[in-house]
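Per-entry structural report
One letter stands for each residue in the lines below.
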Amino acid sequence: MEFSTKTTQKAIIWLCLAHLVCDIYTGFLNPIMPFIASKLGFSMAIATVIISIAHICSSMLQPIFGFFADNILKRFFIFWGLILLSIFIPLTPNAPTIWLLIIFMILGSLGGSFFHPQSIGFVNLFSKENCTNNMGVFMSAGSLGFALGPLIAALITQVLGLGMLCWTAIPGMLLAGLMFFFVPKLSITEKPIEHKQFLKSFKDIFACRQMNYLMIVAMMKSLMTNSCCILLPFLWKNMGYTPFYIGLALFLFVFAGAIGSFLSPKAEEIFGSKTVIYFSMCATCPMLILFAFTYRLYPALSMIIFSIIGFTTMLAQPIIMVWAQRALPQYKSIVAGFINGFCWGTIALCMAFLGLTAQNLGIIPVLVGLSIIPILASYFVKFLKDG
């Protein structure tokens with residue numbers, strides 16, 4: 001059946017709000033992980049391993065949940081994803097042992113795997129001709145949440161203590177309940193969906209050359225975002241900065257990224273899609289070099305530079321997602337799981353090694369070295385076909 005414009009707009013608003021809250025919880029861990037590590041007595045290298053496990057659970061499994069979301073098309077994954085996130089991520093600072101910490105992080109991260117593929121698929125389903133604009137708003141809502149998460153977690157940690165973060169579970173639970181009662185019936189589709197075969201779906205995706213190139217671009221974005229957000233909090237803690245300072249820095253980084261995602265459709269219209277992608281991949285390196293020369297002597301200037309890195313890194317995010325879904329429109333949620341999840345999870349597999357390398361060689365040299373990789377990978381952008 002056809003949806004009215006009012007119904008589709010209402011659905012997208014609720015999905016954006018849920019994405020905002022969902023990613024607030026996702027953003028909790030990076031600024032407070034150095035303090036959790038200090039509390040439980042483990043190193044930065046071990047912390048990056050733990051964060052990698054969480055990212056793998058929240059990312060690598062997204063294509064699988066995307067497959068089920070495309071076949072079921074009910075709101076199950078959206079609701080339970082938000083519930084798992086809102087309960088278990090706030091509990092992580094209260095974990096008495098490293099093993100319980102890992103369990104809490106895995107369960108909370110699975111909520112992210114539940115939520116993202118289906119919600120992104122539904123944004124595409126309801127958007128019709130305004131897909132790029134709506135996807136930009138949806139991505140920006142998530143980026144804004146991911147930006148607010150570090151600030152909220154750091155502020156609560158500094159003012160009230162790590163143990164009080166558990167009370168932040170209440171808003172997420174309330175929102176999940178409100179969505180259950182007031183969100184439009186998203187399980188109703190325009191026509192019955194053809195059941196997709198699991199292996200055939202994944203084979204089709206990996207056989208699509210356009211999709212492969214877009215995954216390379218998405219991995220480069222993830223490489224720089226994850227590396228900066230995971231490693232730099234340890235650098236700042238070692239320099240004696242407070243949890244609030246670290247949270248503020250990450251807030252500015254991701255908030256600038258949210259602005260980049262929001263402005264992405266306009267930048268695409270003015271400069272062209274490939275130009276935006278090239279800029280997003282290549283501008284990070286010179287910015288990180290500037291950061292390396294300023295973070296000790298000019299901390300305020302370095303924070304501005306750090307924010308610009310966030311803006312440039314996330315500028316092409318909506319373009320990549322929409323192009324991928326247009327390349328394989330029959331697999332909207334699965335494709336979203338690959339771009340938003342699998343690519344992040346693939347990079348997460350490397351983070352344990354990067355954490356150990358940064359512990360031995362230094363965080364700044366490792367970050368500057370990593371920033372060269374997206375420049376080299378930008379070679380593949382020329383093979384992309386306009387979405």
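Residues numbered from 1 in each chain as written. Predicted model: local features only at pLDDT ≥ 70, side-chain atom pairs only at ≥ 80, totals over all residues. Heavy atoms only, no water.

**Quick look at the packing of helix α11 (residues 243–271) against helix α15 (residues 317–327)**
For the pair α11 and α15, interaxial distance at closest approach is 7 Å and the crossing angle is 70 degrees. The orientation of α11 with respect to α15, classified from their angle, is roughly perpendicular. Touching S261, S264 and E268 of α11 are Q317, P318, I319 and W323, all from α15. Among the residues making up the contact of α11 with α15, the classes are represented as three nonpolar, three polar and one charged. (Axes fitted to C-alpha atoms, helices over the stretch in contact; angles between N-to-C directions. Helix = DSSP H or I, 4+ residues; strand = E, 2+ residues; numbered from the N terminus. Parallel < 35°, antiparallel > 145°, perpendicular 65-115°, else oblique. Contact = heavy atoms within 4.5 Å. Nonpolar A, V, L, I, M, F, W, Y, C, P; charged D, E, K, R; others polar.)

**As for the side chain of T92**
Checked against the element boundaries, T92 lands in the loop between α5 (76–88) and α6 (98–127). A residue is classified by how much of its surface remains accessible, and T92, at 0% relative accessible area, is buried. A distance of 2.7 Å separates a polar side-chain atom of T92 from the backbone oxygen of I89. Setting aside residues up to four positions removed in sequence, T92 forms contacts with L29, L101, F104 and M105. (Buried < 20%, exposed > 50% of the residue type's maximum accessible area, 1.4 Å probe, protein only. Polar contact = N/O pair within 3.5 Å; in protein donor to acceptor, adjacent residues only side chain to side chain.)

**Considering the pattern of salt bridges**
Counted according to the given criterion, the structure contains two salt bridges. One salt bridge connects D204 with K200, and the closest N-O pair in it is separated by 2.9 Å. Remark: K200 and D204 occur in helix α9 (residues 198–207); sequence separation between them is four residues, near one turn of the helix. For D204, a relative accessible area of 22% translates into the label partly exposed. A salt bridge links K266 to E269; its shortest N-O distance comes to 4.0 Å. In this pair, K266 and E269 both sit in helix α11, three residues apart, roughly one turn of the helix. (Salt bridge = Lys/Arg side-chain N within 4 Å of Asp/Glu carboxyl O.)

**Details of the side chain of S371**
Structurally, S371 is set in the loop between α17 (363–370) and α18 (372–377). Look at S371 and you get buried, because its relative accessible area is 0%. Those residues in contact with S371, other than ones at most four positions away along the chain, are M224, T284, C285 and L288.

**Quick look at the packing of aromatic side chains**
For any pair of aromatic rings, geometry is given as the distance between the ring centres together with the angle between the planes. Evaluated as defined, the whole model comprises 13 aromatic pairs. Pairing Y241 with Y245 gives two aromatic rings, centres 4.1 Å apart and planes at 10 degrees, and the pair type is stacked. For Y241, a relative accessible area of 23% gives the class partly exposed. Judged by centre distance (4.5 Å) and plane angle (25 degrees), the rings of F253 and F306 are stacked. Here the residue F253 occupies a position in helix α11, and F306 occupies one in helix α14 (residues 299–314), the gap between them amounting to 53 residues. In this pair, the class of F253 matches that of F306, namely buried. Each residue in the set W236, Y241, Y245, F253, F291, Y295 and F306 is aromatic and connected to the rest through ring pairs, giving one cluster. Looking at K237, its charged tip hangs above the ring of F35, at a distance of 5.6 Å from the centre. (Phe/Tyr/Trp six-rings, centres within 6.5 Å; stacked < 30°, edge-to-face > 60°. Lys NZ or Arg CZ within 6 Å of the ring centre and 35° of its normal.)

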